[in-house]
Amino acid sequence: MLDKLEQAVVCIGYGSGGDMSLLHAQPRQHFNLKDFDTKDKSSAASLCERGENATWRIQLRLCHTSSVFLKMESPGVALMLWVLACLSGPSTGFPNGKVTEACKTMMPLHGHSLPQRFPRHTVEVNVTEFKPGDRVKVSLSGPLFEGFFLQARSAENLEGPAIGSFALADRKRSQVLTCGRVKNSAVSHTSKSKKSHLDAYWIAPRDAPKRIQFLVTVVEKFRVFWVKIPGPTISQSNTPTLATPVVTEVTVGTSLPVSHLTQPFSALDCGSNKFCVRNPSDCDPGARNCFFLSFKRDHVDLIVVEMSGPSDGYIAFALSNDQWMGGGDDAYLCISDSHHVDIKTASLTGRAYPEFDSEPALDEMSWRLADGLIQCSFRRRIHFPALQGRFNLDANYYIFMADGEVSEGGMIHKHYRQPLITDGKFNVTGPAKDIGGSRSPLLIKIHGALMFVAWMTTVSIGVIVARFFKPVWPNSLLFGEEIWFQVHRALMVMTVLLTGASFILPFLYRGGWSDQAGFHPYLGCTVMALAIFQPIMAGFRPPPQAPRREIFNWLHWSTGTTARILAVVVIFLGMDLPALNLPDPWDTYTMMGFVAWHVGTDVLLEIHGYCLIHKVQVLEDDRIQILQSITTAEAQGHTFKKTVLFIYISGNVAFLITFLTAIIKV
């Protein structure tokens, strides 16, 4: 059979959730295009079935069939290859916003595209309570998007039908749709024009449930969309709302987390009625950079816990008897999963995966996802039987706070940065306090600070002085030696001492070698070895006129230069390690600025020396040698050199103070 081009119509099934995978697509019917008028799309559509639980879309493709394909012995393989060849294009979306087909699932019919997991858009309302007949302003905002689909549903049945009706605030960019039997019960876009903000008014019906939650689907572009982004929950008047969980009973049971939180937590009572941990210190829990944890005694044996922080995956805190996470510590996790938050308890043993409890033994669990923050709150007993594995809260513990990512299956990943750890042990049921913590252990902070002082300041100034300032103080001696030499030697000895002291601190902190730090420790050991070798080699320095002096000069220069280059590399690597983790990318750019500052000063002084020599025409063939004394002609520029040295030291110290301040704040 000759090869030929054939145009075909294929009906493809999509699951009720709107998900489609090429490997699971089932071609239900296949018709040659010659069977009907190619211009009659409706006749093509009529050939495709439309079931209750599936949406059947039409796709026109040019398919290449051959005699080999048609003669395959396995019809299943042939069918799969035909599907893969013909179904490479997506199905059509709804740029006009007529998306009533998605009233129940709120899922865009975008072929095999999957929704994004972490929303970037937010829904806000102007009230927290309503009564039948009220008009509630609903606002959608966020990064530019093309389409949206907004509904109100019962907070106790988010899979149920749309509740109430909407009135438009912008008829040009939005329209009302009828879902089910409720007229104007949803709002969508009118075109795919870009927008970042839209308002609508929800009208409460007479038979509205006690609590209403707004849900929105947002389409940023065809393959990038979010489904059922949870908005705020509002309640009918005289119905209790839970900005923080309200205790109605003394007995504690277990319940599923419910999205009853309507606003960020407050830090007003921190230090007076609540025990709070905040990072950064004194931050606002509603801010996008604030990690917040509070404990408030609510009864003789009950405590209310509030936790929030910026994360796309999970936030967690743990109570520990030491500053090492994993010794059977008592952990509490708020895990974001498909626009829902699971609140779980776990025990931490070593570096193993947390041992989650089958039942969290918590009550009044509530959560909220908004503005890039995960918020959750719950109640728990202060005292638990030992068999339940939870710590009693009326004892002193170190408090850890961490955040990390969550995989598609709900599995949490190790926190990508060092957890926040309180500076001491605290009793969260004792006197109210408002404390902070640090994400970097004190020994690691000292390690980083000493290395910055040594390899950013002392060694850099020492090298500049030795290279360019030998003739500046020709007749001045300090303790019997030339000034430049005494300054150079003092700064280099200080560099070695600072490096040695800093070198042992990570080993004291880790209790040995760390396999978690990549190349940083290996290169650090190399720098330490070179730093020790330099003064030993200097002790065997030949006299100035000795034949081996030139060899010494080359070795001394090359060893020192290699150590300085490696030290800069080690600093770049160390700044982003979890144990220190200076703000990124600020730390990288600032360190690049320092390198440019040092190299620029070095080049400026070199150019100055060459220009001065050329000016007095005393350039000699043997002038340029490593560490060779600078000619007397260059001494005419002493004032210029001293000015440059003062400016360089000032800038160097400014960079140093900037990094030391960042280390203190970590």
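The rules behind the values
Residues numbered from 1 in each chain as written. Predicted model: local features only at pLDDT ≥ 70, side-chain atom pairs only at ≥ 80, totals over all residues. Heavy atoms only, no water. UniProt positions renumbered as here; feature names shortened; annotations may be inferred. Helix = DSSP H or I, 4+ residues; strand = E, 2+ residues; numbered from the N terminus. Buried < 20%, exposed > 50% of the residue type's maximum accessible area, 1.4 Å probe, protein only. Contact = heavy atoms within 4.5 Å. Areas by Shrake-Rupley, 256 points an atom, 1.4 Å probe, with all protein chains shown as cover. Polar contact = N/O pair within 3.5 Å; in protein donor to acceptor, adjacent residues only side chain to side chain. Pairing = 2+ DSSP bridges. Axes fitted to C-alpha atoms, helices over the stretch in contact; angles between N-to-C directions. Parallel < 35°, antiparallel > 145°, perpendicular 65-115°, else oblique. Phe/Tyr/Trp six-rings, centres within 6.5 Å; stacked < 30°, edge-to-face > 60°. Lys NZ or Arg CZ within 6 Å of the ring centre and 35° of its normal. Expected span 1.5 Å × (residues − 1).

As annotated in an unreviewed UniProt entry, the chain carries the name Ferric chelate reductase 1 and is attributed to Podarcis lilfordi. What UniProt records for the chain under Subcellular location (unreviewed entry) is the sentence "Membrane". Listed in UniProt under the heading Sequence similarities (unreviewed entry), the comment for the chain reads: "Belongs to the FRRS1 family."

Asks: Please clarify how the overall build of the chain should be interpreted in this entry.
Replies: When its secondary structure is counted, the chain shows 9 helices and 27 strands. A total of 666 residues make up the chain; the buried ones form 48% of that total. Partitioning the intrachain contacts of the chain with sequence separation of at least 6 by distance along the chain shows that 65% fall at a separation of at least 24. Just so you have it, the chain exposes about 33400 Å², and 59% of that area is on carbon and sulfur atoms.

Asks: Honestly, the side chain of D199 in this entry has me stumped. Any pointers?
Replies: As for its position among the elements, D199 is in strand β11 (residues 195–203). Side chain to side chain, D199 and H197 meet in a polar contact 2.9 Å long.

Asks: I would appreciate a short explanation of the pairing of strand β10 (residues 182–189) in the present structure.
Replies: Both strand β7 (residues 147–154) and β10 contribute to a ladder of 3 bridges, which runs antiparallel. Across the sheet, residue L150 finds its bridge partner in β10, namely V187. Joining the antiparallel neighbours strand β9 (residues 174–179) and β10 is a turn of 2 residues, in which G180 adopts a positive phi near 65°.

Asks: How should I be thinking about the environment of P578 in this particular structure?
Replies: Tracing the backbone through its elements, the reader meets P578 in the loop between α7 (549–575) and α8 (586–616). Remark: the alpha-carbon pair of P578 and R417, spanning 161 residues in sequence, is separated by 4.5 Å. Look past the residues within four positions of P578 in its chain and what remains in contact with it is Y416, R417, Q418 and R439.

Asks: Could you clarify how one ought to interpret the packing of helix α4 (residues 442–468) against helix α9 (residues 638–665) in this entry?
Replies: The axes of two packed helices give the description: the angle between them and the distance between them. With their axes 10 Å apart at the nearest point, α4 and α9 run at an angle of 170° to one another. In terms of orientation, α4 and α9 fall into the roughly antiparallel class. Between α4 and α9, the contacting residues are K445, G448, A449, F452, V453, M456, T457, S460, I461, I464 and F468 on the first element and K641, L645, Y648, I649, N652, F655, L656, F659, L660, I663 and I664 on the second.

Asks: When you look at the packing of aromatic side chains in this model, what are you seeing that I'm missing?
Replies: Within a pair of aromatic rings, the relevant descriptors are the distance that separates the centres and the angle that separates the planes. Applying the stated criterion to the full structure yields 21 aromatic pairs. In this structure an aromatic cluster arises from ring pairing among F275, F295, F317, Y332, F378 and F426. Over the ring of F356 we find K344, and its NZ or CZ is 5.1 Å from the ring centre.

Asks: How should helix α6 (residues 520–539) be read in this particular structure?
Replies: One full turn of an α-helix is made of 3.6 residues, so residues set three or four places apart face in the same direction. When the terminal C-alpha atoms of α6 are compared, their 30 Å separation across 20 residues agrees well with the 28 Å that a helix rising 1.5 Å per residue should span. Among the residues making up α6, those that are buried are H520, P521, G524, V527, M528, L530, A531, Q534 and M537. Residues of α6 that are buried in the fold lie against α4, α5 (483–510) and α7.

Asks: How should the sheet that holds strand β8 (residues 165–168) be read in this particular structure?
Replies: Hydrogen bonding along the main chain pairs the strands of a sheet, whether they run parallel or antiparallel. Strand order in the open sheet formed by 4 strands is β4-β6-β11-β8, and the pairing between neighbours is antiparallel. Where the open sheet ends on each side, the last strands, each with one partner, are β4 (122–125) and β8. Going from strand to strand, the sheet's axes swing by 30° on average, the running direction of each strand aside. In this sheet, strand β6 (residues 135–145) lies alongside β4 in antiparallel orientation, the contact comprising 4 bridges. Paired with T122 across the two strands is S141, which belongs to β6.

Asks: What exactly am I supposed to notice about the sheet that holds strand β12 (residues 211–221) here?
Replies: On the basis of which strands lie adjacent, the open sheet formed by 6 strands has the order β5-β13-β12-β7-β10-β9 and mixed pairing. Strands with a single pairing partner mark the edges of an open sheet, and in this sheet they are β5 (129–130) and β9. As paired strands, β12 and strand β13 (residues 224–236) are joined by 8 bridges and run antiparallel to one another. Across the sheet, the residue bridging to R211 is S235, located in β13.

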